[in-house]
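Geometric and topological summary
This is what each chain is made of:
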Amino acid sequence: AAFQKLKDVKLGDLVYYTTAYGTRTYQVTSIDAVSVNDTSGLAQDGSYKLTMYTCKANQPELKLKVVAHLVADSAGRPEEEEPVIVAGSSFFCIL
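We now turn to the structure provided with this report. (Residues numbered from 1 in each chain as written. Predicted model: local features only at pLDDT ≥ 70, side-chain atom pairs only at ≥ 80, totals over all residues. Heavy atoms only, no water.)

We now examine the overall build of the protein chain. Looking only at helices and strands, the protein chain has zero helices and six strands in total. When the helices and strands of the protein chain are placed in sequence order, the string is β-β-β-β-β-β. Burial status across the protein chain gives 28% buried among its 95 residues. Contacts in the protein chain between residues far apart in sequence, at least 24 positions, make up 56% of those at least 6 positions apart. Carbon and sulfur atoms make up 52% of the accessible area of the protein chain, which amounts to about 6200 Å² in all. (Helix = DSSP H or I, 4+ residues; strand = E, 2+ residues; numbered from the N terminus. Buried < 20%, exposed > 50% of the residue type's maximum accessible area, 1.4 Å probe, protein only. Contact = heavy atoms within 4.5 Å. Areas by Shrake-Rupley, 256 points an atom, 1.4 Å probe, with all protein chains shown as cover.)

What follows deals with the nonpolar core. Ranked by size, the top nonpolar core spans eleven residues in total: Phe 3, Leu 6, Val 9, Val 15, Tyr 26, Val 28, Leu 50, Met 52, Leu 64, Val 66 and Ala 68. Secondary-structure elements contributing two or more residues to this core are strand E2 (22-35), strand E3 (49-55) and strand E4 (62-73). For this core, the element with the highest residue contribution is E4, accounting for three residues. Not counting residues up to four positions away in its chain, the partners in contact with Tyr 26 are Asp 13, Leu 14, Val 15, Tyr 17, Tyr 48, Lys 49, Leu 50, Ala 68, His 69, Leu 70 and Val 71. (Core = buried A, V, L, I, M, F, W, Y, C linked by side-chain atoms within 4.5 Å.)

Another point: unusual backbone geometry. Within the chain, Asn 58 stands out as a residue other than glycine whose phi angle is a positive 60 degrees. Within the secondary structure, Asn 58 is located in the loop between E3 and E4.

Before going further, it helps to examine the environment of Lys 63. By the element assignment, Lys 63 lies in strand E4. Note on Lys 63: relative accessible area 15%, which makes it buried. Taking the C-alpha atoms as reference points, Lys 63 and Asn 37, separated by 26 residues in sequence, lie 8.8 Å from one another. Excluding anything up to four places from it in sequence, Lys 63 contacts Asp 32, Ala 33, Val 34, Ser 35, Val 36, Asp 38, Tyr 53, Thr 54, Cys 55 and Lys 56. At 2.9 Å, the side chain of Lys 63 and the backbone oxygen of Asp 38 are in polar contact. (Polar contact = N/O pair within 3.5 Å; in protein donor to acceptor, adjacent residues only side chain to side chain.)

Glancing now at the environment of Tyr 48. Counting through the fold element by element, Tyr 48 comes out in the loop between E2 and E3. Its relative accessible area of 60% is what places Tyr 48 among the exposed residues. In sequence terms Tyr 48 and Val 71 are 23 residues apart; their C-alpha atoms lie 8.9 Å from each other. Apart from the residues lying within four places of it in its own chain, the contact partners of Tyr 48 are Tyr 26, Ala 68, His 69 and Leu 70.

In structure tokens form, the structure reads like this:
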């Protein structure tokens, strides 16, 4: 389960998205339960956002959609924060 801990995020939490090009920091701005057919988070709207989908336990007709907007580019993670690492197929998110 790539986003197993995604269900634990809260509004305002920071998401650190790290690639070979550096780290970007996003802040969670919405958390919604949506239909399994929902792809609205993939629509381009001109904003710098990260949309993550994951399954909802025991609710096969729903999935969780978490949207976070960019707040910093190549920012370091504060040392006092305990990260939660969520692995994707081609990236890692540190929540």
